[in-house]
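# What the coordinates show
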Amino acid sequence: MSDKDDFLAWIRTALYEAELALHNGDATPRRALWSRHEPVSVLGAFKNAYGQQELNELFEALGASFSDCTSYEFELQAYDVIGDMAYTAGMEHTSATLNGTPRTYTLRATQVYRREDGEWKVAHRHGDTVAD
């Protein structure tokens, strides 16, 4: 398999499963896929975070906010792998309970990844809601 094939397989398995877990209230798998090296950042639809401490606080808050995910799909629209860096851009379609209220929404999501010790880790995320 090529680097691109390996990366796509990781996106479709480990990353997908971590996002599904987050939307069911468990942020631990998502946090495990994020880099422990600076810089890390989130420009989020919910809240921004810069650095490890803010990232931990954000993911903890997100995990506490979500439950009962009935549907999560990442519609990959663009990606590339260049050496030990990669990115994805696409749409996240989600139906889950957020703070006790069932919701269905779509986010535009762009993420940047670094290969660290042979494994892909997320270093940056930008997500925002799609206007109706």
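Not measured: the values here are computed from a predicted model.

Conventions used here
- Starting afresh in each chain, residues are numbered from 1 along the sequence in its written order.
- Only residues with pLDDT of 70 or above have their local features reported here, since the model is predicted, and side-chain atom pairs are shown and tallied only from 80 upward, although totals for entire chains, interfaces and linings are computed over all residues.
- Excluding hydrogens and water, the side-chain figures rest on all heavy atoms present in the structure.
- A strand pair is defined by DSSP finding two or more bridges across the two strands.
- Each helix is a run of DSSP H or I of at least 4 residues and each strand a run of E of at least 2, with the numbering of both proceeding from the N terminus.
- Only rings of Phe, Tyr and Trp enter the pairing, Trp through its six-membered ring, and a pair is recorded when the two centres are within 6.5 Å. The plane angle decides the type: under 30 degrees is stacked, over 60 is edge-to-face, the rest tilted.
- Only protein chains enter the accessibility calculation, which uses a 1.4 Å probe; a residue whose area is less than 20% of its type maximum is buried, one above 50% is exposed, and one in between is partly exposed.

### Observations regarding the pairing of strand S6 (residues 119-129)
When strand S1 (residues 41-43) meets S6, the two strands line up parallel, connected through three bridges. Note on S6: the bridge partner recorded for Ser41 is His124. The antiparallel pairing of strand S5 (residues 101-116) with S6 creates a hairpin that spans two residues between the two strands, and Asp117 there sits at a positive phi of about 50°.

### Notes on the packing of aromatic side chains
A complete count under the given rule lists seven aromatic pairs for this structure. Each ring, one from Phe7 and one from Tyr79, has its centre 6.4 Å from the other, and the planes form 25°; the classification is stacked. Highlighted residues: Phe7 in helix H1 (residues 3-23) and Tyr79 in strand S3 (residues 66-82), separated in sequence by 72 residues. Judged by centre distance (5.3 Å) and plane angle (65°), the rings of Trp34 and Phe59 are edge-to-face. Of this pair, Trp34 sits in the loop between helix H2 (28-32) and S1 while Phe59 sits in helix H3 (residues 51-65); the two residues are 25 residues apart in sequence, bridging distant segments of the chain. By the burial criterion, Trp34 is buried, and Phe59 matches it. Ring pairing ties together the aromatic residues Phe7, Trp10, Tyr79, Tyr113 and Trp120, which thus form one cluster.

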